[in-house]
Amino acid sequence: MFPFEPPTEIPVRPVDALFPERRQRMAEGICVDCGKTITGFRDALSRKEWTLTGWCQTCQDSFFVTENNPDDDWDDDWDDRDDEPDLDMGLPPEFS
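Here the residue index of a chain counts from 1 through its sequence in written order. For a predicted model such as this one, the threshold for reporting local features is a pLDDT of at least 70, and the threshold for listing and counting side-chain atom pairs is 80 or more; totals across whole chains, interfaces and linings nevertheless cover every residue. Side-chain measures were taken over the full set of non-hydrogen atoms in the model, leaving aside hydrogen atoms and water.

A. Representation of the overall build of the protein chain in the model. Strands here mean DSSP runs of E at least two residues long; helices mean DSSP runs of H or I at least four residues long; both are numbered from the N terminus. Tallying secondary structure elements over the protein chain gives 4 helices and 2 strands in all. Here the protein chain holds 96 residues, and the buried ones make up 23% of them. Restricting to contacts in the protein chain with at least 6 residues of sequence separation, those with at least 24 account for 36%. Working definition: with a 1.4 Å probe on protein chains only, accessible area under 20% of the residue-type maximum means buried, over 50% means exposed, and in between means partly exposed. Throughout, a residue-residue contact means that at least one pair of heavy atoms, one from each residue, lies within 4.5 Å.

B. Structural detail: the packing of aromatic side chains. In this scheme Phe, Tyr and Trp rings, the latter by its six-membered ring, pair at centre separations within 6.5 Å, and the angle between planes marks the pair as stacked below 30 degrees, edge-to-face above 60, and tilted otherwise. Here the structure, examined in full by the defined rule, presents 6 aromatic pairs. Relative to Phe63, the ring of Trp55 lies with its centre 5.1 Å away and its plane at 65 degrees, an arrangement referred to as edge-to-face. Residue classification places Trp55 among the buried residues on the basis of a relative accessible area of 19%. Among the residues examined, Phe63 registers a relative accessible area of 54% and is labelled exposed. Geometrically, the ring pair formed by Trp55 and Phe64 is tilted, given 6.3 Å between the ring centres and 45 degrees between the ring planes.

C. View of the pattern of salt bridges. Whenever Lys or Arg places a side-chain nitrogen within 4 Å of a carboxyl oxygen from Asp or Glu, that contact is recorded as a salt bridge. This model, assessed by the stated rule, comprises 2 salt bridges. Among the ionic pairs, Asp16 bridges to Arg22, the shortest N-O distance being 2.5 Å. Neither Asp16 nor Arg22 differs from the other in exposure class; each is buried. A salt bridge links Asp61 to Arg42; the shortest N-O distance between them is 2.6 Å. Separated by 19 residues along the polypeptide, Asp61 in helix α3 (residues 57-63) and Arg42 in the loop between β2 (40-41) and α2 (44-53) bring together distant segments of the chain. In this structure Asp61 comes out as partly exposed when scored by relative accessible area, which is 28%.

D. Local environment of the environment of Val32. Structurally, the position occupied by Val32 is in the loop between α1 (22-28) and β2. Not counting the four nearest positions on each side in its chain, Val32 is found in contact with Arg22, Arg25, Met26, Thr53 and Gly54.

Structure below.
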């Protein structure tokens, strides 16, 4: 686990126009998404993601679902589908 280290400076980004509290929360060590205190990150990539989004490890994990993580359910709904998609879009026979 990579411990959280408060930043010395948080650059202004265009996203700050939409989320003006982003920089203040990041400076305070608070997740921009859920509002919980940042405690640490799984790896260097997650730490880097925090510098972009301000999200804690939990929020990153819930957003970035991966095939390699057995706890992720990224395809559970797809496997349980009862119906197949309707591929007949009313196209003329020469296009089918």
